[in-house]
Amino acid sequence: MLKELLEEKKKLAIIGMGYVGLPIALEFSKDIEVVGFDIDKDLISSLNAGKDPKGETADEEFENKKIIFTTDESDLKNISVFIVAVPTPITKLKSPDLRPLKSASEVIGRNLEKGATIVYESTVYPGCTEEDCVPILSRTSGLEYLKDFNVGYSPERINPGDKVHTLTNTVKIVSADTEQGLEEIAALYEHVIKAGVHKAKSIKVAEAAKIIENTQRDLNIALMNELSIIFDLMDINTHDVIEAAGTKWNFLKFYPGLVGGHCIGVDPYYLTYKSEQLGYKPEIILAGRKVNDNLSKHVVKRILNHFKSNKKIIGETKVLVLGVTFKENVSDIRNSKVIDVIQELQNYNIKIEIYDPYVDKNELSNKYGLQTVESIGTDYDGIIAAVKHDTFKEYSNQKLIDISNDEGILIDIKSMYSNFNGMTYWSL
Ligand SMILES: NC(=O)c1ccc[n+]([C@@H]2O[C@H](COP(=O)([O-])OP(=O)(O)OC[C@H]3O[C@@H](n4cnc5c(N)ncnc54)[C@H](O)[C@@H]3O)[C@@H](O)[C@H]2O)c1
């Protein structure tokens, strides 16, 4: 597989040029011919111009690469390996929305040639690759599974905005449907992943491994969020407690926070869905999801209580929201829980000013009808420091005091300003 790619007898195609697909495509295309396929025409024209609209990949990364970006299925010819990195969101009812994965499998099936391998990277529940995707590949290609084509699964661990844990220095899990396939897929990824690969025992094991990485994180944060609600009633700062408890060797330091984005708050539902299909209704995982999904209400309640105890007319208050992306140092607003906080505050007619130098203003406006301010104003009744962007961390005590009015409150969701003093301070 790797040899024929390096000798340019065959090409590698990546389906889905988003946060996951683009970096892996550019990495392989240093010495392998790659076709980067996506259904988003605007995205493809931007990539063809050497620009990543998400701002995650530097312009230089596009230079000297053997890659074409396309929306045209007819470019998917002479492909020996397809890598699938399309979204796996959830529906309004919080069950897996497999439409992108299924339609990507159809595109591949229509263009599949004998001997090819399809490696799925999208996050799915255990069993999805073999039970949901393989039948589509067989049906749309007319080829026979295991005789004419093979599949594998290699979950992605990329962490946008993180310059330390990168694609190539993070061990990648690989799996396949045959022993030979596993060796070939492992060799393919070892070619680009400097940290090496972990060969999972089966495709299902690899699918499950990915889903529990995020489920575990979701639950650990949920526990801290629940503790934070309890400690609030006791007038104890949760971060102070974690710092103290963290001096024991086996205490794991997780921190409370809004759990948004398309991974941690979404992936556990893939697992709970499959579990329920098999007859077991998970309790702990769903309880954790509920706590995390409701945290925005707790934040809003706290700010409203402060306004009430200071005898403010709620509909006449003005709140600054610092950061609206789902996490620090990225432009990504998918499933951002800061939006929930904002919408909740808007229900009380509170005037909101959002300041976020990272966010794509058009996307925020198109998706949520929200505008950002160009610069921070003054006389705020409340400041919600919602996202720990590097630029916000530098704000001084005095700056925050200067932009607030006399009875202002600083709601420090991420405990960015833990040594703050000078006005009412609250953190999770
Ligand atoms: N972003 C992350 O941090 C991250 C990390 C690990 C795993 N994942 C998983 O990887 C997968 C992809 O996530 P992402 O963040 O890269 O998503 P993304 O939304 O950034 O990109 C997905 C791309 O796929 C395209 N697409 C959708 N349907 C398509 C189709 N039928 N054919 C071709 N292209 C199609 C979209 O236009 C989009 O450009 C998801 O399953 C996600 O859960 C993401």
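Residues numbered from 1 in each chain as written. Predicted model: local features only at pLDDT ≥ 70, side-chain atom pairs only at ≥ 80, totals over all residues. Heavy atoms only, no water.

1. What to know about the site of the ligand
Stage number 1. Taken together, 28 residues surround the ligand, and among them Val20, Asp38, Thr88, Ser103 and His262 come closest.
Stage number 2. One nitrogen or oxygen atom from the main chain of Val86 is found 3.5 Å from an oxygen atom belonging to the ligand.
Stage number 3. At a separation of 2.9 Å, an oxygen atom of the ligand approaches a polar backbone atom of Thr123.
Stage number 4. Relative to its unbound accessible surface of 830 Å², the ligand loses 92% to contact with the protein. (Near = heavy atom within 4 Å. Polar contact = N/O pair within 3.5 Å; in protein donor to acceptor, adjacent residues only side chain to side chain. Areas by Shrake-Rupley, 256 points an atom, 1.4 Å probe, with all protein chains shown as cover.)

2. Topic: the sheet that holds strand β1 (residues 11-15)
Stage number 1. A sheet is described by the order of its strands in space; here eight strands give the open sequence β3-β2-β1-β4-β5-β6-β7-β8, paired in mixed fashion. Two strands close off the open sheet at either side, each with one partner strand: β3 (67-70) and β8 (197-199). In this sheet, neighbouring strand axes are inclined to one another by 20° on average, regardless of whether the strands run parallel or antiparallel.
Stage number 2. Inspection of the sheet shows strand β7 (residues 172-176) paired to β8 by three bridges, in the parallel sense. Its bridge partner lying in β8, Ile173 is registered against His198.
Stage number 3. Sheet contacts for helix α5 (residues 128-141): β5 (117-120) and β6 (150-153); angle to β6, the most-contacted strand, approximately 145°. (Pairing = 2+ DSSP bridges. Helix = DSSP H or I, 4+ residues; strand = E, 2+ residues; numbered from the N terminus. Axes fitted to C-alpha atoms, helices over the stretch in contact; angles between N-to-C directions. Contact = heavy atoms within 4.5 Å.)

3. With respect to a nonpolar patch on the surface
Stage number 1. Together, Ile230, Leu233, Met234 and Ile236 line one region of the surface with nonpolar side chains, adding up to about 410 Å² of accessible area.
Stage number 2. Of note, Leu233 is situated in helix α7 (residues 203-233). (Patch = residues over 30% accessible without salt bridge, like charges linked within 9 Å, V, L, I, M, F, W, Y side chains within 5 Å. Salt bridge = Lys/Arg side-chain N within 4 Å of Asp/Glu carboxyl O.)

4. A short note on the packing of α7 against helix α10 (residues 284-293)
Stage number 1. Two elements in contact, α7 and α10, have axes whose closest approach is 8 Å; the angle formed by their N-to-C orientations is 55°. For the element pair α7 / α10, the angle class is oblique. Here α7 runs over α10; the crossing is left-handed. Touching Thr215, Asp218, Leu219, Ile221, Ala222, Asn225 and Glu226 of α7 are Ile284, Ile285, Gly288, Arg289, Val291 and Asn292, all from α10.
Stage number 2. A class-by-class count of the residues in the contact of α7 with α10 yields six nonpolar, four polar and three charged. (Parallel < 35°, antiparallel > 145°, perpendicular 65-115°, else oblique. Left-handed = near helix turned anticlockwise from the far one by under 90°. Nonpolar A, V, L, I, M, F, W, Y, C, P; charged D, E, K, R; others polar.)

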